[in-house]
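Descriptive analysis of the structure
Listed below are the residues making up each chain.
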Amino acid sequence: MGVEVVQFTCLADNFGLLLRDEATGAVASIDAPDARAIAAELSRRGWRLTDILVTHHHADHIGGVAGLKELYPQARVVGPRKDRARIPGLDLEVGEGDLVKVGAAAARVIEAPGHTIGHILYHFEEDAILFVGDVLFSLGCGRVFETPMDVMFATLEKIAELPPETRVYCGHEYTQANARFAQTVDPRNLLLADRAREVDALRAQGRATLPTTIALELATNPFLRAEDPELRQALGMETADPVHVFAEMRERKDVFR
């Protein structure tokens, strides 16, 4: 029967994400930015929370876990084994290749270090859905806080190998700002220019720019295109190692305004 995904704004620019298994009615919150906003959305839809799937330890992703557990004490909290010390209240610790069930729906866990050491992704393969937390954004990627740049680059390469039709849900609405930066390092990319115009139109209407797809990001996201000749030429790094190209872009993005 498949799954339904609901996306809504939490805090300033986080996304609340609910996944409902249509066969069983089981519902997972992907991360928990704001217990009140998530509970309101659940109530509005008449859904009952059964699982909380945590991607990483940052406060804007786990700040609502305790509040949701108070409201839904039976809800199971799943999160990265490698970050157990920084994520209180985990009921199930998971790592690379583990299977997490939400009712009849199944997600394969992908370890994705870079933004944080313990960051994980949830890949619902049969439904072609990927929840990436703060590792990948549309037209961008997360800041690299806890690993060397080559580790983050390897994580993005792993994501890039997933099926192109995979729908990607990210933790924040950053696409418009990312588009402005992306066009400075990949100025000849016509698909990127089209995507930037689409994003501006969506945001002008108050609409979300997500989900995206792996295919769209491979065509437009500079952080997945470090081997593209025109992008490398625009950076003046035609002969550089792709990791160095990625690192240069990430460092430029960190100070971009």
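Our structure is the block above this text.
1. What about the side chain of H58?
Positionally, H58 belongs in the loop between β4 (51-53) and α2 (59-62). Once you skip the residues sitting within four places of it in the chain, H58 turns out to touch H115, T116 and F145.

2. A short note on the nonpolar core
In terms of nonpolar packing, the biggest core is built from 53 residues, with L53, Y122, F124, L130, F131 and L156 touching the most fellow members. Beyond its immediate stretch of four places on either side in the chain, L53 contacts A28, S29, I30, D31, V78, V100, V102, Y122 and F124. C10, V54, A75 and L90 belong to the second-largest nonpolar core, a separate cluster that totals 21 residues.

3. Observations concerning the packing of aromatic side chains
Tallied over the full model, the rule gives seven aromatic pairs. For the ring pair F153 and F246, a centre distance of 5.8 Å and an interplane angle of 45° mean the geometry is tilted. A residue pair is termed long-range when its members are at least 10 positions apart, and F153 in helix α4 (residues 149-160) and F246 in helix α9 (residues 242-255) qualify at 93 residues. Accessibility assignment for this pair places F153 and F246 in one class, buried. Taking 5.9 Å as the distance between ring centres and 80° as the angle between the ring planes, the aromatic pair formed by F223 and F246 counts as edge-to-face. A residue pair is termed long-range when its members are at least 10 positions apart, and F223 in the loop between α7 (214-220) and α8 (229-235) and F246 in helix α9 qualify at 23 residues. Classification of F223 by relative accessible area gives buried; the value is 1%.

4. Let's talk about helix α6 (residues 190-204)
Helix length check: α6 (15 residues) gives 21 Å between terminal C-alpha atoms against 21 Å at 1.5 Å per residue, within 8%. Looking only at α6, the buried set comprises L192, A193, R195, A196, V199 and L202. Buried-residue contacts for α6 involve α5 (175-185), β14 (212-213) and α7. Put simply, N189 is the residue that caps the front of α6, since its side-chain oxygen is 3.1 Å from the backbone nitrogen of L191. Taken from the residues just after α6, G206 is the one with a positive phi, measuring 75°.

5. Side note on the pairing of strand β8 (residues 105-111)
Where burial is concerned, most of β8 is hidden: five out of the seven residues are buried. Linking two consecutive strands that pair antiparallel, namely strand β7 (residues 99-102) and β8, is a turn of two residues; a positive phi of about 60° is found at G103 within it. Summarising the sheet, β8 and strand β9 (residues 120-124) pair through four bridges and their orientation is antiparallel. What sits directly across from E111, in β9, is I120.

6. Structural notes on the sheet that holds β8
Read across the sheet, six strands follow the order β7-β8-β9-β10-β13-β14 without closing on themselves; strand pairing throughout is mixed. For this open sheet the edge positions go to β7 and β14, each flanked by a neighbour on one side alone.

7. Structural notes on the sheet that holds strand β5 (residues 76-80)
An order of β1-β2-β3-β4-β5-β6 is seen for the six strands of this open sheet, with the pairing classed as mixed. Edge positions in the sheet fall to β1 (3-10) and β6 (92-94), since each has one partner strand and no second. Within the sheet, the average angular offset between the axes of one strand and its neighbour, ignoring direction, is 20°. Sheet topology places β5 next to β6; three bridges connect them, and they run parallel. Among the inter-strand pairings, G79 is bridged to a residue of β6, identified as E93. Contacts between helix α1 (residues 35-45) and the sheet are confined to β1, β2 (14-21) and β3 (27-30), with β1 contributing the most and set at about 135° to the helix.

Rules used in this analysis
Residues numbered from 1 in each chain as written. Predicted model: local features only at pLDDT ≥ 70, side-chain atom pairs only at ≥ 80, totals over all residues. Heavy atoms only, no water. Helix = DSSP H or I, 4+ residues; strand = E, 2+ residues; numbered from the N terminus. Contact = heavy atoms within 4.5 Å. Core = buried A, V, L, I, M, F, W, Y, C linked by side-chain atoms within 4.5 Å. Buried < 20%, exposed > 50% of the residue type's maximum accessible area, 1.4 Å probe, protein only. Phe/Tyr/Trp six-rings, centres within 6.5 Å; stacked < 30°, edge-to-face > 60°. Expected span 1.5 Å × (residues − 1). Polar contact = N/O pair within 3.5 Å; in protein donor to acceptor, adjacent residues only side chain to side chain. Pairing = 2+ DSSP bridges. Axes fitted to C-alpha atoms, helices over the stretch in contact; angles between N-to-C directions.

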